[in-house]
Amino acid sequence: MRNERNLLIIIFLVGISFCGCKKVIDLNLRDAESQIIITGEINNHRGPYTIKISRSVTFSSDNIFPPVRNAFVTITGNGTTDTLSEVNPGEYLTRKIEGKPGKNYSLLVAIEGKIFTAKSTMPMPVKFDSLSFLQGRNNNIYTVVNFQDPPGFENYYQFIEYSDGERFKNGRGNYVFNDRLSDGRYVNSVLYDNDSTDIKRGITLTVQMNCVDKFVYNYLQELLQISYNGSFSSPAPANPTSNISGGALGYFSANTTFSRTVELPE
């Protein structure tokens, strides 16, 4: 199970790094063929944006996921088609496209005669007002995010935490939220999905808020359920539902992103 668990963790961490913006996921690795892994995003800040492509490995292999080179990668949206350049092995960078809220974006990846596609709609931005904190048992500290949810729209959020500029380790500090029960309300949401031992007095804490579309939210939520509900040890947990067609693992997200940073006093 070591390789199975590590494979999940790798894709999860790669995915999170984009939504800022998250583990691969075919756990029947003893007999599974290698699969393409695609992760990346376009957001509301100036590019370039990155798409990373690698390949899963078999159960008996080392936990090194080889990059996929020489892929043909495009992102299309807002009247522009951008052909990405491979700047490092398996790492593809945009050159001209800019992300705009409310616009639709399409990803196309061609590798060895196979075509993988994905679509994502960038939501309208939501203002991230502030951070506060809740002290729990044993003096554990939890982050509280504060913002006004826009009324009349379905909104989906992802929050990612960083301590002194470093993302929380092993996938911790990642939380997803939807407004099904809080549409139009002022939200004060505790990020209980973090590990409170990562939040210590004296650190600089940054929380990144991503507004994602429904399909990306569903993927992230399923991924978190797999990791936090002990599904690593189940015989054949399902893969999260990717928005990438063609059989690749991972996801492509068009999202807005905002951050708040505070220094915790000693």
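Below or above, wherever it landed, is the structure these notes cover.

Description of the environment of Met122
Piece 1. For Met122, the position within the fold is in the loop between β8 (114–121) and β9 (128–135).
Piece 2. Non-local contacts of Met122, meaning those with residues more than four positions away in its chain, are made with Ile42, Asn43, Asn44, Gly99, Lys100, Pro101, Gly102, Lys103, Tyr105, Ala254, Asn255 and Thr256.

Quick look at the pairing of strand β13 (residues 174–178)
Piece 1. Taken across its five residues, β13 has four buried, putting it largely inside the fold.
Piece 2. Pairing between strand β11 (residues 156–163) and β13: five bridges, direction antiparallel. Residue Tyr156 lies in a different strand from β13, and its bridge partner there is Asn178.

Section: the sheet that holds strand β14 (residues 186–190)
Hydrogen bonding along the main chain pairs the strands of a sheet, whether they run parallel or antiparallel.
Piece 1. Taken together, three strands build an open sheet; the order of strands is β9-β10-β14 and the sheet is antiparallel. Two strands bound the open sheet, and with one partner strand each, they are β9 and β14. Recorded for the sheet is a direction-independent mean angle of 25° between the axes of neighbouring strands.
Piece 2. In this structure, β9 lies alongside strand β10 (residues 141–148), joined through seven bridges in antiparallel fashion.

Things to note about the sheet that holds strand β16 (residues 244–245)
Piece 1. Read across the sheet, five strands follow the order β4-β3-β7-β8-β16 without closing on themselves; strand pairing throughout is antiparallel. Every interior strand has two partners, whereas the edge strands, β4 (80–83) and β16, have only one.

Here we look at the packing of aromatic side chains
Piece 1. For the coordinates displayed, the defined rule picks out ten aromatic pairs.
Piece 2. Ring geometry for Phe147 versus Phe159: centroids 5.9 Å apart, planes at 40°, classification tilted. In this pair, Phe147 sits in strand β10 while Phe159 sits in strand β11, placing the two residues twelve residues apart along the sequence.
Piece 3. By relative accessible area, Phe147 is classed as buried at 0%.
Piece 4. Taking the relative accessible area as the measure of exposure, Phe159 reaches 0% and is therefore buried.

Digging into the pattern of salt bridges
Piece 1. Tallied over the full model, the rule gives three salt bridges.
Piece 2. Between Glu112 and Arg55 there is a salt bridge, with the nearest N and O atoms lying 3.5 Å from each other. A residue pair is termed long-range when its members are at least 10 positions apart, and Glu112 in the loop between β7 (104–111) and β8 and Arg55 in strand β2 (residues 50–55) qualify at 57 residues.
Piece 3. The class for Glu112 is exposed, based on a relative accessible area of 67%.
Piece 4. Of the charged contacts, one joins Glu86 and Arg69 as a salt bridge, the two residues approaching to 3.2 Å between their closest N and O atoms. Placement of Glu86 in strand β5 (residues 85–88) and of Arg69 in the loop between β2 and β3 (72–77) is noted, with a sequence separation of 17 residues between them.
Piece 5. The class of Glu86 is partly exposed, set by a relative accessible area of 25%.

A word on the pairing of β3
Piece 1. Sheet analysis places β3 next to β7, joined by six bridges and oriented antiparallel. Looking at the pairing, Val73 lines up with Val109 of β7.
Piece 2. Bridge count between β3 and β4: four bridges; the pairing is antiparallel. When the bridges of β4 are listed, Gly77 appears paired with Thr80.

Describing the environment of Asn239
Piece 1. Relative to the elements of secondary structure, Asn239 occurs in the loop between α2 (214–228) and β16.
Piece 2. Linking Asn239 and Leu249, residues ten residues apart in sequence, is a C-alpha distance of 8.4 Å.

Brief notes about the nonpolar core
Piece 1. Counting 24 residues, the largest nonpolar core has Ile38, Ile51, Ile53, Val73, Ile75, Leu107 and Val109 as its most contacted members.
Piece 2. Elements supplying a minimum of two residues to this core: β1 (36–43), β2, β3, β7, β8 and β17 (249–263).
Piece 3. For this core, the element with the most residues is β7, which contributes four residues.
Piece 4. Contacts of Ile51, omitting those with residues within four sequence positions, involve Ile38, Thr39, Gly40, Glu41, Val73, Ile75, Leu84, Gly90, Glu91, Tyr92, Leu107 and Phe252.
Piece 5. Residues Phe147, Tyr157, Val187 and Leu264 belong to the second largest nonpolar core, which totals 20 residues.

What counts, and where the lines are drawn
- Residues numbered from 1 in each chain as written.
- Predicted model: local features only at pLDDT ≥ 70, side-chain atom pairs only at ≥ 80, totals over all residues.
- Heavy atoms only, no water.
- Helix = DSSP H or I, 4+ residues; strand = E, 2+ residues; numbered from the N terminus.
- Contact = heavy atoms within 4.5 Å.
- Buried < 20%, exposed > 50% of the residue type's maximum accessible area, 1.4 Å probe, protein only.
- Pairing = 2+ DSSP bridges.
- Axes fitted to C-alpha atoms, helices over the stretch in contact; angles between N-to-C directions.
- Phe/Tyr/Trp six-rings, centres within 6.5 Å; stacked < 30°, edge-to-face > 60°.
- Salt bridge = Lys/Arg side-chain N within 4 Å of Asp/Glu carboxyl O.
- Core = buried A, V, L, I, M, F, W, Y, C linked by side-chain atoms within 4.5 Å.

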